[in-house]
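# Summary of structural features
Here's the letter readout for the chains.
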Amino acid sequence: MPSTDLAAANAAIDPLTMRRAMGRFATGVAVVTTSVDGTPHGMTVNSLTSVSLDPPLLLVCLTIGARSTDAVTRAGRFAVSILSARQEQLALRFARRGEDHFAGLEVTYERHEVPVIPDAFAHLECEVERHFVAGDHVVVIGQVRSICEREGEPLGFLAGRFSDIVDRGHEPVHWTF
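Now for a quick tour of the structure. (Residues numbered from 1 in each chain as written. Predicted model: local features only at pLDDT ≥ 70, side-chain atom pairs only at ≥ 80, totals over all residues. Heavy atoms only, no water.)

### Concerning the pairing of strand β11 (residues 155-158)
- Note that strand β1 (residues 27-28) and β11 share two bridges and pair antiparallel. Residue pairing for β11: T27 is matched across the bridge by F157. (Pairing = 2+ DSSP bridges. Helix = DSSP H or I, 4+ residues; strand = E, 2+ residues; numbered from the N terminus.)

### Let's talk about the environment of V128
- Among the secondary structure elements, V128 is positioned in strand β9 (residues 122-134).
- A sequence separation of 45 residues divides V128 from L83, and the C-alpha atoms of the two residues are 21 Å apart.
- When residues no more than four places from it in sequence are discounted, the contact partners of V128 are V72, G76, R77, F78, V140, I141 and G142. (Contact = heavy atoms within 4.5 Å.)

### Some thoughts on helix α4 (residues 88-95)
- When we look at burial in α4, the residues that qualify are L90, A91 and F94. Summarising the axial view, the buried residues of α4 lie within an arc of 105 degrees, below the 170-degree limit, and thus occupy one face.
- On the buried face of α4, the contacting elements are β2 (30-36), β3 (39-45), β11 and β12 (161-164). (Buried < 20%, exposed > 50% of the residue type's maximum accessible area, 1.4 Å probe, protein only. Arc of directions from axis to C-beta.)

### Regarding the side chain of S81
- Mapping S81 onto the fold places it in strand β6 (residues 77-82).
- Among the residues examined, S81 registers a relative accessible area of 0% and is labelled buried.
- The residues touching S81, leaving out its near neighbours within four places in the chain, are V29, A30, V31, V116, I117, A120, A122 and H123.

### Details of the packing of aromatic side chains
- Considering all chains together, one arrives at two aromatic pairs under this definition.
- For the pair F94 and F102, a centre-to-centre distance of 5.2 Å together with 80 degrees between the ring planes defines the contact as edge-to-face. Take F94 and F102: they sit in the same class, and that class is buried.
- Aromatic side chains F157 and F162 sit 5.7 Å apart centroid to centroid with 70 degrees between the ring planes, which places their arrangement in the edge-to-face category.
- Using a relative accessible area of 27% as the deciding quantity, one classes F162 as partly exposed. (Phe/Tyr/Trp six-rings, centres within 6.5 Å; stacked < 30°, edge-to-face > 60°.)

Structure (structure tokens):
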């Protein structure tokens, strides 16, 4: 498709329509955290995916211009705390712009001195391998350096609302056939 046709096609996609359509894709909820010069930073995300198992890489999309986005790229390291079903209030706390998300919150610091959300379903500590701008987000590829996980149920997100992700009780489907 010629670039002028592509530009016209992109202009025809309303951002709210895009948001609504992508909202039909159920995701988990996580908080990305880091620390710069002793100051912790964090934000709620649901654009998170595994990129590679060997080496272990993940991808997270962070809002351009957010303090936490700038902090992650400056620090060169971050943690992803995957929230449990009981941590909806923490998701809301870290989704608010311009607040001290860590006020009154006891967080733990792991081997890289990156803050980790307590009692998260899982957390992964990463080093930034690369990052680049894509539209209104910064895409960050992180190499996973350590993982901690616990039993429980994850917090889900669907159609702009928190949701439950329910185990169907059968063996996992193998991704390779």
